[in-house]
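So the chains spell out like this:
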Amino acid sequence: MRKSTVIVISVILAISVTGFLYARANTANKAKTAKAADNQKEAYYCAMHPDFISDKPGNCLICGMTLVKKEGPSQAKAKDAKTKILFYRNPMNPEVTSPVPMKDSMGMDYVPVYKEESDVQASGIYISPEKQQLIGVTKEKIEKRKLNHQIITVGKIAYDPDLYVAQSEYIQASKTLAATENSVLPSIKEQSKSFLNAAEKKLLLLGMTKDQIDELAKNAAPQENLYLPGASTTVWVYLTIYEYELGLIKEGQEVQIDTVAFPGELFKGKISSITPVLDPLTRSAQVRVEVDDSAHKLKPQMYVNAKIQIDLGEVLAMPEEAVLDTGLRKIVYVAKEGDILEAREVTLGQKAQGYYEVLSGINAGDVVVTSGNFLVDSESKLRGVVTSK
């Protein structure tokens, strides 16, 4: 009886051990099979064109975007185990969401938004270092730089008989007022003053300054070099300055002039006046430059090229590649700790030497994304990240 009991117990133990070893081997085989299946199914797809699939990394042949690795079943399960999907977002319209997976009207899959992604929405978007390298993200530290802006424009040597006539009228009105100063008829004196004021306003509208008008009255002679070469050692040049650069222009600034008639030869001058009214068609102002021409080489109506160097001083400067201009506002992405990229709205000044002058929105020492920012912005919109102001 005892012998049979021992035999039964031995059989039961053998069966138990065999079953345990079999279950363990089966679990290992399943894991190995799942891993192999993931490796066999390794693929890369385009976020904009999901139907385009490749078996190796590269760029989409349709739009040129970097391909994204498609997760296998085990990877997806592992990710879902660590993170919770809150909802799904339309890839082309981030404001449209769905509680369940679906496709949009173009057949593109809605993008899942995970809890860990939602947690960082208020402070920026998390992009792993590997993904940043994949999409080509580069960064640069913001600091102060000495910037010089150069205005390049065109113009012509003055041929302005209208201004010459207006100067003559002003001089004549001034002489008339002086002649009627002691008139016994007050109306004649007032009329002479009215003519002189009208002549002065006409000169102001034609671009002369108050100091130039006073000098004209003192000399009592119109400038003949406005329409004919004369004995004067200077000529007037009319330059076109567009509205967006007009704030940089001031009287007294130096200007370099060259012309096709005398290649390689530079003529130097200074800005003497700026017309007070813009041309409504070209949105530009006419700037008058007095140029040295003692050799009398420059002729009326001759076209010239001009360069004006503007010293902007030492200012906080940002690479122009870092700026995303939406038309309504300008956005940059600032790199923060933990691979968080935060969108900032900035106010910019002049552009010079590949940099923008920063007026507000960014501080010295901040690190901004200078390339790959378009893809970062797309990722940010997909996740619905709030832009920091």
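Data block above holds the structure.
Residues numbered from 1 in each chain as written. Predicted model: local features only at pLDDT ≥ 70, side-chain atom pairs only at ≥ 80, totals over all residues. Heavy atoms only, no water.

A. Structural view of the overall build of the chain. Secondary structure assignment for the chain yields eight helices and 19 strands. Looking at the chain alone, contacts between residues at least 24 apart form 67% of all its contacts between residues at least 6 apart. Of the accessible surface of the chain, which amounts to about 23800 Å², a share of 55% is contributed by carbon and sulfur atoms. (Helix = DSSP H or I, 4+ residues; strand = E, 2+ residues; numbered from the N terminus. Contact = heavy atoms within 4.5 Å. Areas by Shrake-Rupley, 256 points an atom, 1.4 Å probe, with all protein chains shown as cover.)

B. Representation of the nonpolar core in the model. Core analysis: the largest hydrophobic core is formed by 27 residues, its most contacted members being Val 237, Leu 239, Val 255, Ile 257, Val 289, Val 291 and Ile 308. Breaking this core down by element, the ones donating at least two residues are strand 9 (143-157), strand 10 (234-242), strand 11 (254-258), strand 12 (267-274), strand 13 (284-292) and strand 14 (303-319). Per element, the largest residue contribution to this core is seven residues, and it comes from strand 14. Once residues within four sequence positions are removed from consideration, Ile 257 is found in contact with Val 237, Leu 239, Glu 265, Leu 266, Phe 267, Val 291, Val 304, Asn 305 and Ala 306. (Core = buried A, V, L, I, M, F, W, Y, C linked by side-chain atoms within 4.5 Å. Buried < 20%, exposed > 50% of the residue type's maximum accessible area, 1.4 Å probe, protein only.)

C. Spotlight on the pattern of salt bridges. The final tally for this structure, using the stated rule, is 15 salt bridges. For Lys 103, the salt bridge goes to Asp 109, with nearest N and O atoms at 2.5 Å. Taken together, the shared-partner salt bridges in this structure form one network comprising Lys 336, Glu 342, Arg 344 and Asp 366. (Salt bridge = Lys/Arg side-chain N within 4 Å of Asp/Glu carboxyl O.)

D. Representation of helix 7 (residues 210-219) in the model. Three or more residues of helix 7 are buried, namely Gln 212, Ile 213 and Leu 216. Each buried residue of helix 7 lies within a common arc of 100° when the element is viewed along its axis, so the set occupies one face. Exposed side of helix 7, more than 90 degrees from the buried face: Asp 211 and Lys 218 are the residues found there. Just downstream of helix 7 lies Ala 220, where phi reads positive at about 60°. (Arc of directions from axis to C-beta.)

E. Spotlight on unusual backbone geometry. The phi torsion at Asp 339 lies on the positive side, around 60°, for a residue other than glycine. Topologically, Asp 339 is positioned in the loop between strand 16 (330-336) and strand 17 (340-352). In this structure, Gln 353 is a non-glycine residue whose phi angle is positive, near 55°. By the element assignment, Gln 353 lies in the loop between strand 17 and strand 18 (355-360).

F. Highlighting the environment of Asp 214. For Asp 214, the position within the fold is in helix 7. Of the residues examined, Asp 214 reaches a relative accessible area of 38% and is grouped as partly exposed. Remark: the alpha-carbon pair of Asp 214 and Glu 200, spanning 14 residues in sequence, is separated by 9.8 Å.

G. Structural detail: the environment of Thr 180. Summarising the element assignment, Thr 180 is placed in the loop between helix 5 (161-179) and helix 6 (186-205). A sequence separation of ten residues divides Thr 180 from Glu 190, and the C-alpha atoms of the two residues are 9.3 Å apart. Leave out the neighbours within four places in its chain, and Thr 180 touches Ile 188, Lys 189 and Ser 192.

H. Fine view of the packing of helix 5 against helix 6. At their nearest, the axes of helix 5 and helix 6 sit 9 Å apart, and the two run at 155° to each other. What the angle tells us is that helix 5 and helix 6 run roughly antiparallel. The two elements helix 5 and helix 6 cross, and the hand of that crossing is left-handed. Between helix 5 and helix 6, the contacting residues are Leu 163, Ala 166, Gln 167, Glu 169, Tyr 170, Ala 173, Ser 174, Thr 176 and Leu 177 on the first element and Lys 189, Ser 192, Lys 193, Phe 195, Leu 196, Ala 199, Glu 200, Lys 202 and Leu 203 on the second. (Axes fitted to C-alpha atoms, helices over the stretch in contact; angles between N-to-C directions. Parallel < 35°, antiparallel > 145°, perpendicular 65-115°, else oblique. Left-handed = near helix turned anticlockwise from the far one by under 90°.)

I. Here's a closer look at the packing of helix 5 against helix 7. At a minimum axis separation of 10 Å, helix 5 and helix 7 run at an interaxial angle of 65°. The element helix 5 and its partner helix 7 pack so that their crossing is right-handed. Together, Gln 167, Tyr 170 and Ile 171 of helix 5 and Ile 213, Leu 216 and Ala 217 of helix 7 make up the contact between the two elements.

J. Highlighting the pairing of strand 17. The sheet contact formed by strand 7 (residues 125-126) and strand 17 spans two bridges and is antiparallel. When the sheet's bridge partners are listed, Ile 125 is paired in strand 17 with Leu 341. Between strand 16 and strand 17, which pair antiparallel and follow one another directly, the connecting turn spans three residues, one of which, Gly 338, has a positive phi of 75°. Between the antiparallel neighbours strand 17 and strand 18 lie two residues, among them Gln 353 with a positive phi of about 55°. (Pairing = 2+ DSSP bridges.)

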